[in-house]
Amino acid sequence: MGRVFSNGPSKDFVVNPFTELVKGSRRIYVAAPYVTKTEDLLAAAKEGTRVDLLVGLNATTRPDALWAVHGELNIEVRYYTHLFHGKLYLFDTSALVGSSNLTDGGLRFNREATIRLDEPDDVETIEELRTLFAELWDPAPVLTTERLKSFTAAYERFKPTGNPDGLIGDAVG
C-alpha cells in the first residue's frame, strides 16, 4: 500500500487507511470541517478508544452524524462555524493529512489528496500536527446539547434560505 490516497482508479481509497488506523488506535484526534460519517469513530469509542472530534457546523455537516456521537462516553466534540477548513486525522503513531473530509465523498468517492504519515522520519511532523490540532481544539466551543439542538433546527430551516452557513452561524454562534 502506498502513502498517498486519492479515491482514484487505482482503488487507493482514503477509507482503507482510515478504517485500519481507527481500529488500531487507543487515541484519535480528528479535525474535519464537513462531517457526515461518524460510525467508525463511534465503534472505536465503544471499544474504549478516546476520540476528540473537531467539526464545522455548516450546510454539509449532518446533525444526525453528530447526534450519533453526542454524549457518548470517550467522545468529545467541539466546533467552529466558519474559517475552519483543515483536515487532520491523528492516531497513536500515525496521521492522515490532506483534503479528505469525514464524509462518504471524502473517504470513498471524491478525488482527494491525502497522505499517510507513519514512517520513522515522520515522527517530528506528526508531533507538529498534534500541536496544530491542539491550537485548533483548545479555543473551539464544546458542542453542548443546546448548541446541537440549535444547529439541527438551523440545518432543517436553511434549505429555502439560500444562505445556510449564515443561518447556522447566527443560530449557534
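Residue numbering note: each chain is counted from 1, following its sequence as written. Where local features are concerned, this predicted model is filtered to residues with pLDDT of at least 70; where side-chain atom pairs are given and counted, the filter is 80 or more; whole-chain, interface and lining totals use all residues. Note: side-chain values were computed over all heavy atoms of the structure, leaving out hydrogens and water.

1. Details of the overall build of the protein
We apply this condition: By definition, any uninterrupted DSSP run of H or I lasting at least four residues is a helix, any uninterrupted run of E lasting at least two residues is a strand, and each is numbered from the N terminus. Values of the radius of gyration come from C-alpha atoms, whereas the globule rule sets the reference at 2.2 Å times the count of residues to the power 0.38. Throughout this description, buried means an accessible area under 20% of the type-specific maximum (1.4 Å probe, protein chains only), exposed means over 50%, and partly exposed covers the range between.
When helices and strands are tallied, the protein shows seven helices and seven strands. Written out in order from the N terminus, the α and β elements of the protein read β-α-β-α-β-α-β-β-β-α-β-α-α-α. The C-alpha radius of gyration computed for the protein amounts to 16 Å, which stays within 12% of the reference 16 Å derived for 173 residues, consistent with globular compactness. Considered along the principal axes of its C-alpha atoms, the protein spans approximately 45 × 35 × 25 Å. Relative to its 173 residues, the protein shows a buried fraction of 47%.

2. Section: the packing of aromatic side chains
As a reminder, the rule being used: Pairing of aromatic side chains requires ring centres within 6.5 Å, counting the rings of Phe and Tyr and the six-membered ring of Trp. Pairs whose planes differ by under 30 degrees are stacked, by over 60 edge-to-face, and all others tilted.
Counted by the stated rule, this structure contains five aromatic pairs. Consider the rings of Tyr80 and Phe84, whose centres lie 5.5 Å apart with planes at 40°: the pair is tilted. Side by side, Tyr80 and Phe84 carry an identical accessibility label, which is buried. Of the aromatic side chains, those joined through ring pairs into one cluster are Tyr29, Phe133 and Trp137.

3. Concerning the nonpolar core
In plain terms, the rule: Within this scheme, the nonpolar core is defined by two criteria: the residues are buried Ala, Val, Leu, Ile, Met, Phe, Trp, Tyr or Cys, and they are joined through side-chain atoms within 4.5 Å. Contact criterion: two residues are considered in contact whenever any of their non-hydrogen atoms come within 4.5 Å of each other.
Membership of the largest hydrophobic core comes to 36 residues, with the highest contact counts inside it found for Phe18, Leu41, Leu53, Leu57 and Leu102. Taken together, the elements giving at least two residues each to this core come down to helix H1 (15–23), strand E2 (27–32), helix H2 (39–46), strand E3 (50–56), helix H3 (63–69), strand E4 (75–80), helix H6 (145–158) and helix H7 (164–172). Ranked by residue count, the leading element in this core is H6, at five residues. Apart from the residues lying within four places of it in its own chain, the contact partners of Leu53 are Val30, Thr38, Leu41, Val69, Glu76, Val77, Arg78, Leu102 and Trp137. Of all hydrophobic cores here, the second largest spans 14 residues; its members include Ala95, Leu117, Phe133 and Trp137.

4. Brief notes about the packing of H1 against H2
Selection criterion: To get an axis, a line is fitted to the C-alpha atoms, and for a helix only the part in contact is used. The angle between two axes follows their N-to-C directions and goes from 0 to 180 degrees. Angles are sorted into four bins: roughly parallel if under 35 degrees, roughly antiparallel if over 145, roughly perpendicular if 65 to 115, and oblique for all others. Whether a crossing is left-handed or right-handed is set by the direction in which the near helix is turned from the far one by less than a right angle, anticlockwise for left-handed and clockwise for right-handed.
Contact geometry for H1 and H2: axes closest at 9 Å, N-to-C directions at 15°. On the basis of their axis angle, the class for H1 and H2 is roughly parallel. Handedness of the crossing formed by H1 with H2: right-handed. Together, Phe18, Thr19 and Val22 of H1 and Asp40, Leu41 and Ala44 of H2 make up the contact between the two elements.

5. Quick word on the pairing of E3
Using the following cut-off: DSSP-based pairing: two strands are paired if at least 2 bridges between them are found. Seen with its strands pointing away from the viewer, a crossover is right-handed when the path leading from the first strand over the helix to the second is clockwise.
The buried fraction of E3 is high, at six of seven residues. Alignment of E2 against E3, held across six bridges, turns out to be parallel. Each residue of the ladder has a partner; that of Arg27, found in E3, is Arg50. Between the parallel elements E2 and E3, the chain passes through H2 in a crossover that is right-handed. Here six bridges tie E3 to E4, and the two strands are oriented parallel to one another. Considered in E4, the bridge of Leu53 is made with Val77. Handedness of the β-α-β unit built from E3, H3 and E4 comes out right-handed.

6. Notes on unusual backbone geometry
Located in the positive-phi region is Asn7, a residue other than glycine, with phi close to 60°. If you trace the backbone, Asn7 turns up in the loop between strand E1 (4–5) and H1. You will see that Leu83, though not glycine, has its phi angle at about 60°, which is positive. With respect to the secondary-structure elements, Leu83 resides in the loop between E4 and strand E5 (88–90).

7. Description of the sheet that holds E1
Here we have seven strands laid out as an open sheet, ordered E1-E7-E6-E5-E2-E3-E4, and mixed in their pairing. Strands at the two margins of the open sheet, each flanked by one partner only, are E1 and E4. Sitting on the sheet, helix H5 (residues 123–137) touches E2, E3, E4, E5, strand E6 (95–98) and strand E7 (114–117), and the angle it makes with E5 is about 115°.

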